Amino acid sequence: MKFNTALLHGNFSGDETTGATLTPIFQSSAFGQKSAEQIEKIFHNQAPGFAYSRISNPTVAAFESRITYLEEGIGSVATSSGMAAITATFLNILQSGDEIISTSSVFGGTLDLFRDLENFGIKVYFIDSITKENFDMTVTKNIKAVFAETIGNPKLDVTDIRKSAELIHSYNLPFILDNTTATACLVRGINLGADIIINSSSKYINGSSNSISGIITDSGNYKWTADRYPSMKEYVQFGKFAFIAKLRNDTFRNIGCCLSPMNAYFNAIGLETLSLRMERHCQNALRLAEFFENQDGIRAVNYPLLKSSPYSDTAMSQFKGKGGGIFTIRLYTKERAFDFINHLKYAVNITNIGDTKTLVIHPASTIYAHSTQAEQEKAGVYDDLIRVSVGIEDIEDLLEDFGEALKYVNDNHGYRSDEA
Ligand SMILES: *Cc1c(COP(=O)(O)O)cnc(C)c1O
């Protein structure tokens, strides 16, 4: 089955009892069983079935199994948000005294979570990229996991998943990859060696920004041992299902970060057109990025496929010619950047990515407002930078909209900051 077909049919054949082509919304908190014996079995994972929607729910389960198929994992757990997915993943394996390595260009919310984890005795070391040199300087016996994003945002650095996985595994560590900005549509991380894939399905998977949600998919490939991961003690007996079994029966269930059936349903609708949308997001993003490469009044354009990006070769081969739906531009000054945003007609000024509509934001004054300038620069954020999450509009309209906003800024501020 190829990817478009898999989006529609992978691990999914509609609702068996009614013939509905999407799993209906089982808007039910709990599920009655015929006998005390049956509910006992369900509670002990000895029979399939549902007991309580904080643990599992049929609509949510259908979404989970479809993502498991697409990411080529052995199981998934859907959560109330992408942040909940990341939090539950770490809490599932770590304890006080443990340390993790993360690339420094990760999502702002993830950086904030890392700060929270420090209060629980979990330390995070940041490296600018996953290289042997950086690892040799950082890895201690307390390091228990490595975290990265497929395409960092807004730095737009591309992780070479295969190379990173080889290095991480040579230290016998699990590789946790946030695939939100690429999705399985651009790359199947597990195929290339990632151990656990996280998606904020609030973004491209849902597609029209109608639900917040996240999902964790396990490859089953990492060998968890009780002496390195003491909290896994009761679960190592489940072999390759150890991580997902502990998550479902313990961490995720006890935190209570379950996904609502309604939102799982919206995600299932979005998922079916992921490939069509992604194709257009990527095409439009490349066209716009190329347009800005040749314009006066633009200090820099960043898009993974541009020759000027240090990641163009990795993006080209890893994503098979695609570059994702996000690019950034720098306009010399914050004033020019603000004026540019204010003169866009279609693009919405908003803190989000992965919508069908084109979205823009000035990260320095919003998402990264609480970071120091040094932290901002590490994350690829500058005072004159605008991030664009390109939608699926007609490219002619987007080119006209962005072109006119730039013309307005250049006419009113001069081409460069020193002329402004
Ligand atoms: C948005 C985002 C998250 C967090 O997801 P929420 O659904 O907003 O909690 C995590 N990682 C990346 C890369 C994101 O873009």
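If you're wondering where the values come from, they're calculated on a predicted model, not measured in any experiment.

**Here we look at the side chain of Thr181**
Part 1: Counting through the fold element by element, Thr181 comes out in the loop between β5 (175-178) and α8 (183-186).
Part 2: Looking at Thr181, its side chain comes within polar contact range of the main-chain oxygen of Ile151, at 2.8 Å.
Part 3: Those residues within four positions of Thr181 in sequence are excluded, and the remaining contacts are Ile151, Asn153, Tyr204, Met278, Ile326 and Ile353.

**A word on the side chain of Asp218**
Part 1: With respect to the helices and strands, Asp218 occurs in strand β7 (residues 214-218).
Part 2: In contact with Asp218, other than residues within four places in its own chain, are Gly73, Ile74, Gly75, Ile190, Asp195, Ile196, Lys240, Phe243 and Ile244.

**Comments concerning the domain arrangement of the chain**
Part 1: When the domains of the chain are assigned, the result is domain 1 (3-271) and domain 2 (275-419).
Part 2: Domain 1 and domain 2 are separated by 29 Å when their C-alpha centres are compared.
Part 3: If you look at the interface, domain 1 gives 36 residues, while domain 2 gives 34 residues.
Part 4: Across the domain 1 to domain 2 interface the summed buried area is about 2,800 Å²; carbon plus sulfur atoms make up 59%.
Part 5: Taken as a group, Leu156, Leu186 and Tyr204 account for 28% of the area that domain 1 buries against domain 2, more than any other trio of residues on that side.
Part 6: On the surface where domain 1 and domain 2 come into contact, there are zero salt bridges.
Part 7: Summed over the shared surface of domain 1 and domain 2, the number is 11 residue pairs in polar contact (both at pLDDT 80 or more).
Part 8: Elements represented by at least two residues in the side of domain 1 that touches domain 2 include exactly α1 (3-9), α5 (108-118), α7 (161-170), α8 and α10 (261-271).
Part 9: Along the lines of polarity and charge, the residues of the side of domain 1 that touches domain 2 split into 17 nonpolar, 14 polar and five charged.

**Description of the site of the ligand**
Part 1: Taken together, 14 residues are adjacent to the ligand, and Gly82, Asp178, Ser200, Ser202 and Lys203 come closest.
Part 2: Interatomic distance of 2.8 Å between a backbone N/O atom of Met83 and an oxygen atom of the ligand.
Part 3: Asp178 places a side-chain nitrogen or oxygen 2.7 Å from a nitrogen atom of the ligand.
Part 4: When the free accessible area of the ligand is taken as 380 Å², the share hidden by the protein chains comes to 92%.
Part 5: Along the lines of polarity and charge, the residues of the shell around the ligand split into five nonpolar, six polar and three charged.

**Re the sheet that holds β7**
Part 1: Read from one edge to the other, the open sheet built from seven strands follows the order β1-β7-β6-β5-β4-β2-β3, with strand pairing classed as mixed. The open sheet is flanked by β1 (75-79) and β3 (123-127), the only strands paired with a single partner. Here the strands of the sheet are splayed against their neighbours by 20° on average, with no regard to which way each runs.
Part 2: In this sheet, β7 lies alongside strand β6 (residues 196-200) in antiparallel orientation, the contact comprising five bridges. Of the residues in β7, the one forming a bridge with Ser200 is Gly214.
Part 3: Across the face of the sheet, helix α3 (residues 58-71) comes into contact with β1, β6 and β7 while running at roughly 130° to β1.

Criteria and thresholds
- Residues numbered from 1 in each chain as written.
- Predicted model: local features only at pLDDT ≥ 70, side-chain atom pairs only at ≥ 80, totals over all residues.
- Heavy atoms only, no water.
- Helix = DSSP H or I, 4+ residues; strand = E, 2+ residues; numbered from the N terminus.
- Polar contact = N/O pair within 3.5 Å; in protein donor to acceptor, adjacent residues only side chain to side chain.
- Contact = heavy atoms within 4.5 Å.
- Domains from an automatic or database assignment.
- Buried area = accessible area lost by both parts, 1.4 Å probe.
- Salt bridge = Lys/Arg side-chain N within 4 Å of Asp/Glu carboxyl O.
- Nonpolar A, V, L, I, M, F, W, Y, C, P; charged D, E, K, R; others polar.
- Near = heavy atom within 4 Å.
- Areas by Shrake-Rupley, 256 points an atom, 1.4 Å probe, with all protein chains shown as cover.
- Pairing = 2+ DSSP bridges.
- Axes fitted to C-alpha atoms, helices over the stretch in contact; angles between N-to-C directions.

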